[in-house]
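Examination of the molecular architecture
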Amino acid sequence: MPSVLISDEVAVAEVQAQLWLHRARRVALELSATQRQLTTDDVLAHCPVPPGVSKHRVSAVFTGMKSSFVAVGETWFDGTRKRKRPVCIWERRDQHGSNIGD
């Protein structure tokens, strides 16, 4: 019986993760209307990872939308602290290379 409970908990956690990812992607698209470049920090400021959802899911926000976003660089600094590893900077694919906002 415990294995059924564990698999139910895993299934619920996966549904929560997918719902959060959907919201985070919507936030990224909304933010891209006013910000030319985004990082996952920008998205997380408006859509934090809820308890029970792995923080490893954050990278999927943009990598799962490569038809909409393109990586244009990386940063080691988020404005408040240095990081242990770089974070990608993303632009909307339809704005990449244009002079909008310059």
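Quick notes on the rules
Residues numbered from 1 in each chain as written. Predicted model: local features only at pLDDT ≥ 70, side-chain atom pairs only at ≥ 80, totals over all residues. Heavy atoms only, no water. Helix = DSSP H or I, 4+ residues; strand = E, 2+ residues; numbered from the N terminus. Contact = heavy atoms within 4.5 Å. Areas by Shrake-Rupley, 256 points an atom, 1.4 Å probe, with all protein chains shown as cover. Phe/Tyr/Trp six-rings, centres within 6.5 Å; stacked < 30°, edge-to-face > 60°. Buried < 20%, exposed > 50% of the residue type's maximum accessible area, 1.4 Å probe, protein only. Salt bridge = Lys/Arg side-chain N within 4 Å of Asp/Glu carboxyl O. Core = buried A, V, L, I, M, F, W, Y, C linked by side-chain atoms within 4.5 Å.

1. Considering the overall build of the protein
Within the protein, the regular secondary structure consists of three helices and three strands. Taking the intrachain contacts of the protein between residues at least 6 apart in sequence as the baseline, contacts between residues at least 24 apart amount to 57%. Entry remark: accessible area of the protein is about 7000 Å², with carbon and sulfur atoms responsible for 58%.

2. What about the environment of Leu31?
Residue placement: Leu31 occurs in helix H1 (residues 2-31). Put simply, Leu31 and Asp42 are eleven residues apart on the chain and 8.1 Å apart in space, counted from C-alpha to C-alpha. Apart from the residues lying within four places of it in its own chain, the contact partners of Leu31 are Leu38, Asp42, Val43 and His46.

3. Comments concerning the packing of aromatic side chains
For the structure on display, the rule yields two aromatic pairs. An angle of 10° between the planes, with centres 5.3 Å apart, marks the rings of Phe62 and Trp90 as stacked. Here the residue Phe62 occupies a position in helix H3 (residues 60-63), and Trp90 occupies one in strand E3 (residues 82-92), the gap between them amounting to 28 residues. Owing to a relative accessible area of 1%, Phe62 belongs among the buried residues under this scheme. Taken together, the ring pairs connect Phe62, Phe69 and Trp90 into an aromatic cluster.

4. Quick word on the pattern of salt bridges
For the coordinates displayed, the defined rule picks out four salt bridges. Of the charged contacts, one joins Glu30 and Arg26 as a salt bridge, the two residues approaching to 3.9 Å between their closest N and O atoms. Highlighted residues: Glu30 and Arg26, both in helix H1, separated by four residues, approximately one helical turn. When the shortest N-O distance is used, the salt bridge between Arg36 and Glu91 registers 3.3 Å. A residue pair is termed long-range when its members are at least 10 positions apart, and Arg36 in the loop between H1 and strand E1 (37-38) and Glu91 in strand E3 qualify at 55 residues.

5. Section: the nonpolar core
Generally speaking, soluble globular proteins have nonpolar side chains that are buried together. By size, the foremost hydrophobic cluster in this structure holds 18 residues, and its most contacted members are Trp20, Ala24, Ala28, Val43, Val61, Phe62 and Phe69. The biggest single contributor to this core is H1, with seven residues. In contact with Ala24, not counting residues within four places along its chain, are Val43, Cys47 and Val61.

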